[in-house]
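Structural overview
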Amino acid sequence: GVNAHPFHMHVNPYQIQASGSNDNWFQAGDWHDTLLVSQGNAMTVRFIADQFPGKVVLHCHILEHEDQGMMAVTNVQSNGGVTTWAKATNIDS
């Protein structure tokens with residue numbers, strides 16, 4: 001079996017807030033559009049929804065997994081113009 005899934009979200013890149021990863025590639029503060037998510041490893045991300053609200057596709061980049069249902073569509077909604085997360089300075093500083 002596969003021990004990790006390259007998980008991708010279309011349209012909105014996201015910034016890692018917290019990562020259980022032990023590598024140097026997926027660290028808090030980094031921006032990505034694909035994460036390598038391993039079993040039992042949770043990640044917290046943030047993204048700016050105001051720039052591209054609407055339907056967004058999320059899926060595993062392993063084609064067989066995507067074809068078997070590891071794919072979703074979600075509706076990202078704008079919050080009316082607030083594009084800075086209140087705790088952003090903790091990561092960006």
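These figures come from a predicted structure and were not determined experimentally.

Okay, the overall build of the protein chain next. Counting its regular elements, the protein chain contains 2 helices and 7 strands. Each helix and strand of the protein chain, ordered N terminal to C terminal, gives the series β-β-β-β-β-β-α-β-α. Across the 93 residues that make up the protein chain, the buried fraction comes to 27%. Across the protein chain, the fraction of contacts at a sequence separation of at least 24, relative to all contacts at a separation of at least 6, is 58%. When the accessible surface of the protein chain is totalled, it reaches about 6200 Å², and 53% of it is carbon and sulfur.

Turning next to the pairing of strand 2 (residues 14–19). Strand direction decides the pairing type here: strand 2 and strand 3 (residues 31–32), joined by 2 bridges, are antiparallel. Across the sheet, tyrosine 14 pairs through a bridge with histidine 32, a residue of strand 3. Bridge count between strand 2 and strand 5 (residues 43–46): 4 bridges; the pairing is antiparallel. The residue of strand 5 that forms the bridge with serine 19 is methionine 43.

Glancing now at the environment of histidine 32. Here histidine 32 lies in strand 3. For histidine 32, a relative accessible area of 12% puts it in the buried group. Taking the C-alpha atoms as reference points, histidine 32 and glutamine 15, separated by 17 residues in sequence, lie 6.4 Å from one another. In this structure the side chain of histidine 32 is engaged in a polar contact, spanning 3.3 Å, whose partner is the backbone oxygen of tryptophan 25.

Cut-offs and rules
Numbers given to residues run from 1 along each chain, matching the order in which its sequence is written. Local features are withheld for residues below a pLDDT of 70 in this predicted model, meaning they are given only at 70 or higher, and side-chain atom pairs are given and counted only at 80 or more; totals for whole chains, interfaces and linings count all residues. Side-chain figures throughout are based on the complete set of non-hydrogen atoms in the structure, without hydrogens or water. Helix and strand assignments come from DSSP, with helices taken as H or I runs of at least 4 residues and strands as E runs of at least 2, each series counted from the N terminus. Each residue gets one of three labels from its accessible area relative to the maximum for its type: buried under 20%, exposed over 50%, partly exposed in between, using a 1.4 Å probe on protein chains only. Whether two residues touch is decided by their heavy atoms; if any such pair falls within 4.5 Å, the residues are in contact. Note on areas: these come from Shrake-Rupley sampling with a 1.4 Å probe, and a residue is covered only by the protein chains present in the view. The criterion for strand pairing is that DSSP finds at least two bridges linking the strands in question. Two N or O atoms form a polar contact when they lie within 3.5 Å of each other; inside protein one atom must be a possible hydrogen donor and the other a possible acceptor, and for residues adjacent in sequence the pair counts only when both atoms belong to side chains.

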